Amino acid sequence: MAPQTRRTSFPKVVIERDSDSERSSSEDEEEGEEDEDNREEEEAERGENEEGEEEEALENKNRERKAEGLDAKKKGKAPITLSLKKVCKVCKKAGHEAGFKGATYIDCPMKPCFLCKMPGHTTMTCPHRVATEHGVIPAPRRNTRNSLEYVFERQLRPDILPIKPTFVIPDQVNCAVIRYHSRRVTCLEFHPTNNNILLSGDKKGQVGVWDFAKVHEKMVYGNVHSCIVNNMRFNSTKDDSVYAASSDGTISCIDLETGISLSLMNLNPDGWQGPSNWRMLYGMDVHSEKGLVLVADNFGFLYLVDTRSNNKIGEAVLIHKKGSKVVGLHCNPVQPDLLLSCGNDHFARIWDMRRMEAGSSLYALAHKRVVNSAYFSPLSGSKILTTSQDNRLRIWDSIFGDLDSPSREIVHSHDFNRHLTPFRAEWDPKDPSESLAVIGRYISENYNGAALHPIDFIDISTGRLVAEVMDPNITTISPVNKLHPRDDVLATGSSRSLFIWRPKEKSEPVEQKDERRIIVCGRAEKKRSRKFGDESDDDSDDGKFTSKGTKLKSNKPERNLTRCPSKVKR
DNA sequence: ACGTAATGTACCC
DNA sequence: TGGGTACCCTTACG
């Protein structure tokens, strides 16, 4: 076999040594004999490695090589691992390093800004960066000369008064189930009539029903789906069951009392036929008037299911680019025949349900990247709010106006990360002005030495950050959030845990707070941590929360925080 | 204090 | 068009 071929089949071996990747991208000064050694070794190996070697052999080689390296170190010989020179883990260049410095993340200056995606500055100096208080100096506005480039600058301007100075923000954790799910939470839904029931879906396909007023009344139904629950929706005419769309290709109708689910549709009746055939269901909504469940798959198709007969109606319609995932569907709350869809083809589209055929969308709302969610405003249905992976929220103020471009784009950190449930900005269904939205934040802020990821309340009519809420115990990112349809309550799904937030003034003082309102689930472990995310007490959910409780009390008095930018002196 | 697995999207050819 | 691969702030676990 030609050495060249072999060489290309050996990248792993070479890459075992940190230095090689460094060398490839930067001119190293301090390489010398070691490099010689390496080359010799490579040659030697190439010689002895005969044709027909397969991956297994490669693996073995890898192992041998590692062992050799260790031996060499032990004997004091020049180890295979070369220079320990620090390079940036992002761009692999020397001279700077990206990563956490304490609780503050330093961006790689060679890359476009992690927040607004514009080149020339980093998150720290980004004009869109949320200003902070508590002694943290707001970012200097160094790039204002280019301000025209920025679609919308969410800078704090003292001259703009908050629209809702009296707005009630649920900013204090009222109760929680820690490690309730065994995989991360993917969606949340409040019960339509019972004010205290929260439904949660997870990546494993399980569905949780939690009565957060009784706190300990909770249930996780394990046999609902075999993988990710992407969306859940109630039928407004029936509140004892909920529909769920899953990546297993089925829609289920789950009885909340028993957990027994009925499958309405299965797109993979023949089981696994390879990834190019496996259909997954993402976007879903219920058209109550017509008794329909609308659901869309990962290949761009929309399906309609009759909720009375539980039968699929008609043929699937291609509503987004063929082969692309449709992640969101929303029927207009006033005129449910008006459908809003969004997906991985970077578009949100408006459709007339009465005339559904491929290519017949009324409008196509262009985005720069994948659109995680698109919702009509909850009351009038005349506004549209989308969350896109280009770190921008987009707002169309009126569906009757000019839809060619959004009325506003708000830069906000909610990047895609394959390990996180995609962020979705959610309307506050109680806000009569339809201007308040909630969305978790990806990038962290250094709060007293802890990197926390707040949940942001944004006035989408101005771009103003109305409040950012966080809890020192929640160190994980909170991509899933939902505001209660009637109460001043925020539900958060963060990793495997659920949190219920209420306004501080309505909550009891922390000192008197009943520790049993924080339930710890999950496997027993030896380690104990002060963080919710790492929480690991024991299996009990009967209120044994003493160690945690102590921790909480020993925390700084200001346990829960709301930062309101309007208070920031600038 | 590590290392690692899980595993979506973009972008390349 | 499709497969291969890189990838910036994850999280939990061993």
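Residues numbered from 1 in each chain as written. Chains lettered and ligands numbered in written order. Predicted model: local features only at pLDDT ≥ 70, side-chain atom pairs only at ≥ 80, totals over all residues. Heavy atoms only, no water.

J.: Explain the overall build of chain A to me, and be specific about the residues and the numbers.
T.: The helix and strand tally for chain A stands at six helices and 34 strands. Every one of the 570 residues in chain A was classed for burial, and the buried ones make up 54%. Counting contacts in chain A only where the partners sit at least 6 residues apart, residues at least 24 apart contribute 52% of the total. (Helix = DSSP H or I, 4+ residues; strand = E, 2+ residues; numbered from the N terminus. Buried < 20%, exposed > 50% of the residue type's maximum accessible area, 1.4 Å probe, protein only. Contact = heavy atoms within 4.5 Å.)

J.: If you had to explain the layout of surface pockets to someone new, which residues and values would you point to?
T.: Here the largest pocket defines a volume of roughly 930 Å³. Lining the largest pocket are 27 residues, with Glu189, Arg233, Asp285, His330 and Pro333 positioned closest to its centre. A per-element tally of the lining of the largest pocket places strand β12 (residues 281-287) first, with three residues. By residue class, the composition of the lining of the largest pocket is 14 nonpolar, six polar and seven charged. (1 Å grid on protein atoms, 1.4 Å probe; cavity = no way out; pocket = protein on both sides within 12 Å on 5 of 7 lines; lining within 4 Å. Points joined across faces, edges and corners; volume = space filled by probe spheres on them. Nonpolar A, V, L, I, M, F, W, Y, C, P; charged D, E, K, R; others polar.)

J.: I'd like to hear about the pattern of salt bridges, residue by residue, with values.
T.: Summed over the entire model, instances satisfying the criterion amount to 22 salt bridges. Close ionic contact of Glu409 with Arg392 constitutes a salt bridge, the shortest N to O distance being 3.9 Å. Residue Glu409 is found in strand β23 (residues 408-411), and its partner Arg392 is found in strand β22 (residues 392-396); the two are separated by 17 residues along the sequence. Of the residues examined, Glu409 reaches a relative accessible area of 10% and is grouped as buried. Take Arg392: its relative accessible area is 5%, and that puts it in the buried class. A single salt-bridge network, built from bridges that share partners, covers Arg129, Arg441, Glu445, Asp456 and Glu468. (Salt bridge = Lys/Arg side-chain N within 4 Å of Asp/Glu carboxyl O.)

J.: Explain the sheet that holds strand β8 (residues 229-235) to me, using residue names and the numbers behind them.
T.: Ordered by their spatial adjacency, four strands build an open sheet running β8-β9-β10-β11, and the pairing between neighbours is antiparallel. Both outer strands of the open sheet, β8 and β11 (261-266), are each paired with one neighbouring strand and no more. Looking at each pair of strands side by side, their axes are set apart by 25° on average, direction ignored. Summarising the sheet, strand β9 (residues 238-246) and strand β10 (residues 250-255) pair through five bridges and their orientation is antiparallel. Across the sheet, the residue bridging to Ala244 is Ser252, located in β10. (Pairing = 2+ DSSP bridges. Axes fitted to C-alpha atoms, helices over the stretch in contact; angles between N-to-C directions.)

J.: I'd like a description of the protein's contact with DNA strand B, backed by residues and values.
T.: Around DNA strand B, the neighbouring residues are Lys203, Lys325, Asn344, His346, Arg369, Val370, Phe416, Arg418 and His419. Backbone atoms, meaning sugar and phosphate, make up 54% of the atoms of DNA strand B lying within 4 Å of the protein. Separating a phosphate oxygen of DNA strand B from a side-chain N or O atom of Lys203 is a distance of 2.8 Å. In the environment of DNA strand B, a phosphate oxygen lies 3.5 Å from a nitrogen or oxygen atom belonging to the side chain of His346. Considered class by class, the residues forming the surface near DNA strand B number two nonpolar, three polar and four charged. (Near = heavy atom within 4 Å. Polar contact = N/O pair within 3.5 Å; in protein donor to acceptor, adjacent residues only side chain to side chain.)

J.: Could you give an account of the nonpolar core, naming the residues involved and the relevant values?
T.: Counting 18 residues, the largest nonpolar core has Val173, Phe457, Val469, Leu490, Phe499 and Trp501 as the members making the most contacts within it. Those elements that provide at least two residues to this core are β3 (172-178), β25 (436-440), β28 (455-459), β29 (464-470), β32 (497-502) and β33 (518-520). Leaving out residues up to four positions away in the same chain, Phe457 has contacts with Ile169, Pro170, Leu436, Ala437, Val438, Arg464, Leu465, Val466, Ala467, Val469, Leu483 and Leu490. Core analysis: the second largest hydrophobic core is formed by 17 residues, Val177, Ala491, Ile500 and Ile519 among them. (Core = buried A, V, L, I, M, F, W, Y, C linked by side-chain atoms within 4.5 Å.)

J.: Could you give an account of the pairing of β25, naming the residues involved and the relevant values?
T.: Within β25, five of the five residues are buried, which leaves the element mostly enclosed by the surrounding structure. Covered by surrounding structure in β25 are Leu436, Val438 and Gly440 together with Ala437 and Ile439, the residues of both alternating faces. Pairing between strand β24 (residues 426-427) and β25: two bridges, direction antiparallel. Bridge pairing links Glu426 to Val438 in β25. Direction of pairing for β25 relative to β28: antiparallel, over a ladder of five bridges.

J.: I'd love a proper account of the UniProt feature "repeat: WD" (unreviewed entry) in chain A, names of residues and values included.
T.: The UniProt record annotates "repeat: WD" (unreviewed entry) at residues 178-211 and 364-397. Taken as a whole, residues 178-211 contains 0% helix and 53% strand, while its terminal C-alpha atoms sit 14 Å from one another. Strand forms 56% of residues 364-397 and helix 0%; the C-alpha atoms that close the span are 16 Å apart. (UniProt positions renumbered as here; feature names shortened; annotations may be inferred.)

J.: Help me get a handle on the packing of aromatic side chains, residues and values and all.
T.: Overall, the coordinates contain six aromatic pairs when judged by the stated rule. Ring plane angle 80° and centroid distance 6.2 Å describe the contact between Phe190 and Phe212, whose orientation is recorded as edge-to-face. In this pair, Phe190 sits in strand β4 (residues 185-190) while Phe212 sits in the loop between β6 (207-211) and β7 (217-221), placing the two residues 22 residues apart along the sequence. For the pair shown, Phe190 and Phe212 are each scored as buried. Their ring planes at 65° and their centres at 6.0 Å tell us that Trp210 and Phe212 sit as a pair that is edge-to-face. (Phe/Tyr/Trp six-rings, centres within 6.5 Å; stacked < 30°, edge-to-face > 60°.)

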